[in-house]
Amino acid sequence: VKAKTKNIIKGAESAQEVGVIGAGIMGGGVAYVTADKGMDVVLKDINKAGLALGLDEANSLLSKQVERRRKTPKAMGDTLNRIQPTLHNESLQATDMIIEAVVENPKVKEVVLAELEQVAPNAVIASNTSTLMISGLAQALKKPENFCGIHFFNPVPKMPLVEVIRGEKTSDETIQRAVKYVAQLGKTPIVVNDCAGFLVNRCLAPYFHAFNQLVVDGGHIPTIDKVMSKEFGWPMGPAYLLDVIGLDTAAHCLDVMEEAFPGRMTKPEKNLIQAMVDLDHYGQKNKQGFFTHTPDRKGRLK
Ligand code: NAI
């Protein structure tokens, strides 16, 4: 991958000022890792509460670095100063790379993407969508050649892999600039073709369905999670992973996958994830999911 990346990014323009749209779980993380690598970031959301959450996330990630003496308080301040929060699209005019990370709803994303193209016509615009096809979202744009997918994984600071998705009309230059930006972050880009769920979520969707069915068949959630993490060796079990992703986001993604692959990604008849969302259990983001997430002494959610 390293050799391939080197080849792709030869001569590509570096990202200098990055727009991040949607300051949620993903947008907050992307803003943090981008500012941490010295780039300026404009972080946009539709409301102040959303922005505050994204900035809190960056703040808490940086505080951890200071606690572990990996960063000085001054470096922490410098990184935070590079993130400019805003509620207005006009602040994005000078950006050359924009990551759209709003809710996984094609109608919302299409409106947002069309607005971004108007305000920053020379920027690469990338969607962080987990499952929606890039060629489908591109229909909202006048210049689909400037658009691709840049799919980060959660938690953004920890996960090295980033999928760069080439839509039907994405230009080579856009792919080069996207791969270069991911390399600037010190992460591992892989360029993948366009399909619902790309590579990783095509593997994860059946895994979540299998977990759902296992529970419907009588499986005990904490035991399944313990076996898959502690005993089997994965970093976390399926229920905890769903809580970290956000059950609302996971439910949207699994709907998209079912529609995209009829008969191959069918949700179990008893849809546990949707049932949790109907109970307003969204996972770690509202502290209540398959598990209850209580803050530890330092305020970090467990
Ligand atoms: P989230 O629900 O935590 O955050 C979404 C944010 O977007 C909220 O702050 C909301 O106020 C904001 N927003 C909504 N409409 C907006 C608009 N029109 N303009 C600006 N901001 C707007 O969602 P999350 O989990 O961060 O997901 C965002 C995207 O990233 C989705 O497409 C999701 O599929 C994808 N993704 C999510 C992952 C996860 O584990 N949660 C992993 C990888 C990708």
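Residue positions are counted from 1 within each chain, in the order its sequence is given. Selection of residues for local features in this predicted model requires a pLDDT of at least 70, selection of side-chain atom pairs for listing and counting requires 80 or more, and totals for whole chains, interfaces and linings are taken over all residues.

An unreviewed UniProt entry annotates the protein as enoyl-CoA hydratase of Photobacterium rosenbergii.

Peer 1: Can you break down the site of the ligand residue by residue, with the values?
Peer 2: We count a residue as near a molecule or strand when its backbone-placed C-beta atom lies within 6 Å of that partner. Neighbouring the ligand are 29 residues, the closest being Gly-22, Gly-24, Met-26, Gly-50 and Asn-154. Numbering goes from the N terminus for both helices and strands, where a helix is a DSSP run of H or I of at least four residues and a strand is a run of E of at least two. Secondary structure elements with two or more residues in the shell around the ligand: helix H2 (25–36), helix H5 (106–119) and helix H11 (247–260). Here the shell around the ligand takes 3 residues from H2, the largest share from any one element. Classifying every residue of the shell around the ligand gives 14 nonpolar, 11 polar and 4 charged. Per the annotation, domain bounds derive from an automatic or database assignment of domains. Residues from two domains meet in the shell around the ligand; each of domain 1 (2–193) and domain 2 (202–286) gives at least three. Following the grouping adopted for this structure description, the nonpolar residues are Ala, Val, Leu, Ile, Met, Phe, Trp, Tyr, Cys and Pro, the charged ones are Asp, Glu, Lys and Arg, and the polar ones are all others, Gly among them.

Peer 1: Got a sec to walk through the environment of Glu-117? Specific residues and values, please.
Peer 2: When you line up the elements, Glu-117 lands in helix H5. Once C-beta atoms are placed from the backbone, each residue is buried if 20 or more other C-beta atoms lie within 10 Å of its own, exposed if 12 or fewer, and partly exposed for counts between those two. Judged by C-beta crowding, with 19 C-beta atoms within 10 Å, Glu-117 ranks as partly exposed. Put simply, Glu-117 and Asp-96 are 21 residues apart on the chain and 11 Å apart in space, counted from C-alpha to C-alpha. A residue pair is marked as a contact if its C-beta atoms, positioned from the backbone, fall within 7 Å. When residues no more than four places from it in sequence are discounted, the contact partners of Glu-117 are Ile-125, Leu-141, Lys-142 and Lys-143.

Peer 1: Account for the sheet that holds strand S1 (residues 17–21), with residues named and values stated.
Peer 2: By the convention used here, strands pair only if DSSP detects at least 2 bridges between them. Ordered in space as S3-S2-S1-S4-S5-S6-S7-S8, the 8 strands form an open sheet in which the pairing is mixed. For this open sheet the edge positions go to strand S3 (83–86) and strand S8 (188–193), each flanked by a neighbour on one side alone. Each neighbouring strand pair of the sheet contributes to a mean axis angle of 25 degrees, computed without reference to strand direction. Taken together, the 6 bridges between strand S7 (residues 161–166) and S8 define a ladder with parallel strand orientation. The residue of S8 that forms the bridge with Ile-165 is Val-192. Lines fitted to C-alpha atoms define the axes here, with helix axes fitted over just the stretch in contact, and angles between the N-to-C directions of these axes take values from 0 to 180 degrees.

Peer 1: Account for the packing of helix H1 (residues 2–9) against helix H7 (residues 172–184), with residues named and values stated.
Peer 2: Running from amino to carboxyl end, H1 crosses H7 at an angle of 125 degrees, the nearest separation of the two axes being 9 Å. It follows that H1 is oblique to H7 by the angle criterion. The two elements H1 and H7 meet at a crossing, and its hand is left-handed. Across the interface between the two elements, Thr-5, Ile-8 and Ile-9 from H1 touch Gln-176, Val-179, Lys-180 and Ala-183 from H7. In what follows, roughly perpendicular refers to angles from 65 to 115 degrees, roughly parallel to angles under 35, roughly antiparallel to angles over 145, and oblique to any angle outside these ranges. Crossing handedness is defined as follows: a turn of the near helix away from the far one that is anticlockwise and smaller than a right angle gives a left-handed crossing, while the clockwise case is right-handed.

Peer 1: Just give me the short version of the packing of helix H9 (residues 221–231) against helix H10 (residues 238–245), but keep the residues and values in it.
Peer 2: H10 packs onto H9 with a crossing angle of 95 degrees between their chain directions and a minimal axis gap of 7 Å. With respect to H10, the axis of H9 lies roughly perpendicular. Mapping the contact onto sequence places Ile-221, Ile-224, Asp-225 and Met-228 in H9 and Pro-238, Ala-239 and Tyr-240 in H10. Grouping the constituent residues of the contact of H9 with H10 by class yields 6 nonpolar, no polar and 1 charged.

Peer 1: Which residues make up the nonpolar core, and what values do they have?
Peer 2: Residues Ile-98, Val-164 and Ala-178 are the most contacted members of the largest nonpolar core, which totals 80 residues. Taken domain by domain, the makeup of this core includes at least three residues from each of domain 1 (2–193) and domain 2 (202–286). Once you skip the residues sitting within four places of it in the chain, Ile-98 turns out to touch Gly-19, Ile-21, Leu-92, Leu-116, Ala-120, Ala-123, Ile-125 and Ala-126. A set of buried Ala, Val, Leu, Ile, Met, Phe, Trp, Tyr and Cys residues, joined to one another through C-beta atoms within 7 Å, is what we call a nonpolar core.

Peer 1: Which residues make up the domain arrangement of the protein, and what values go with them?
Peer 2: Split into domains, the protein comes out as domain 1 (2–193) and domain 2 (202–286). Measuring from the centre of the C-alpha atoms in domain 1 to the corresponding centre in domain 2 gives 26 Å. Between domain 1 and domain 2, the residue contacts involve 7 residues of the former and 9 residues of the latter. Among the residues making up the side of domain 1 that touches domain 2, the classes are represented as 2 nonpolar, 4 polar and 1 charged.

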